[in-house]
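The residues making up each chain are set out below.
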Amino acid sequence: MSGERELPSGPGGFLGPVEPGEGTWTPLVLRPGPPPEPPPRLLSRRQKWLLASFLLLPVLALTVAHAVNYPERAANSPPPQQLPPFPSQSTRFEYGGPAPAFQDAFALRLTVRNTGPAPVDVLGVSQGYPGLTVRVSGWLPQTVPPGTAIELRVGLKVTDCSGAPADATLPFLDVTLRNTRAMETVSQILGDAYARDLSAALHSACDGTDYRTPATTP
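Now for a quick tour of the structure. (Residues numbered from 1 in each chain as written. Predicted model: local features only at pLDDT ≥ 70, side-chain atom pairs only at ≥ 80, totals over all residues. Heavy atoms only, no water.)

1. Considering the sheet that holds strand β7 (residues 172–178)
Paired through their backbone hydrogen bonds, the strands of a sheet run either parallel or antiparallel.
In step 1: If you walk across this open sheet you meet the four strands as β5-β3-β7-β8, and the pairing is antiparallel. Edge positions in the open sheet fall to β5 (142–144) and β8 (183–189), since each of these has one partner strand only. Across the sheet, the mean angle from the axis of one strand to that of its neighbour is 35 degrees, orientation sign disregarded.
In step 2: Where strand β3 (residues 120–126) lies against β7, five bridges are found, and the strand directions are antiparallel. The residue bridging Ser 126 from the neighbouring strand is Asp 174, located in β7. (Pairing = 2+ DSSP bridges. Helix = DSSP H or I, 4+ residues; strand = E, 2+ residues; numbered from the N terminus. Axes fitted to C-alpha atoms, helices over the stretch in contact; angles between N-to-C directions.)

2. Observations regarding the nonpolar core
In step 1: One finds Leu 108 and Tyr 194 to be the most contacted residues of the largest nonpolar core, which totals 30 residues.
In step 2: Among the secondary structure elements, those contributing two or more residues to this core are β1 (91–98), β2 (106–114), β3, β6 (149–158), β7 and α3 (192–205).
In step 3: Each residue touching Leu 108, except ones within four places of it in the same chain, is listed here: Tyr 95, Gly 97, Pro 98, Ala 99, Leu 152, Arg 153, Val 154, Leu 156, Leu 173, Leu 190 and Tyr 194. (Core = buried A, V, L, I, M, F, W, Y, C linked by side-chain atoms within 4.5 Å. Buried < 20%, exposed > 50% of the residue type's maximum accessible area, 1.4 Å probe, protein only. Contact = heavy atoms within 4.5 Å.)

3. Details of α3
In step 1: With 14 residues, α3 should cover 20 Å at 1.5 Å per step; its first-to-last C-alpha distance of 20 Å lies within 8% of that length.
In step 2: Looking only at α3, the buried set comprises Tyr 194, Ala 195, Leu 198, Ser 199, Ala 201, Leu 202 and Ala 205. Each buried residue of α3 lies within a common arc of 165 degrees when the element is viewed along its axis, so the set occupies one face. The outward face of α3, more than 90 degrees from its buried face, is lined by the exposed residues Asp 192, Arg 196 and Ser 204.
In step 3: Lining the buried residues of α3 we find β1, β2, β4 (132–136), β6 and β7. (Expected span 1.5 Å × (residues − 1). Arc of directions from axis to C-beta.)

This is the structure we're talking about:
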């Protein structure tokens with residue numbers, strides 16, 4: 001046909017890509033890729049519940065065994081150790097009369113009795129008059145075993161008559177005690193006999209006249 005273009009043929013001919021005609025186009029369609037796969041689940045809910053049940057079974061068994069055996073262990077266990085009473089609650093003091101004074105103005109026998117279940121240590125003895133000094137013969141501390149008593153010789157020496165009372169109406173001794181529970185200092189009034197004996201010793205040491213003059217060594 002006239003006006004038509006003949007395509008070459010034969011061994012040397014080739015057919016190129018077909019191009020769209022003028023005024024024609026092909027739309028580009030972008031297809032989305034497949035969605036990403038979710039990460040694999042390690043355990044399902046049922047598997048988690050079964051695993052928790054298996055883990056709780058030994059704990060429950062141990063709890064039941066402990067509850068069953070507790071009364072027997074409590075019956076066979078030793079009773080809890082109780083603290084002893086305070087030393088001031090278990091210690092009693094008694095005036096045992098005057099003792100040989102030696103170089104002291106006055107000396108007394110002091111009996112310390114322990115009525116508690118634990119030993120009590122006597123750490124020190126003192127008094128409140130500034131004109132008197134106190135010393136205990138022997139050594140301190142001394143231990144008073146439970147249910148027993150010890151006797152201390154306590155010497156009082158007048159160092160200044162102005163600091164000593166004219167008449168010891170309510171004389172007291174401060175005794176420091178200790179046990180496994182506490183350490184305390186307690187004041188002890190030893191009674192009328194001790195007051196009379198101490199007052200007589202003070203009058204003798206200070207001549208009963210001028211209590212402002214220093215006392216001399218008997």
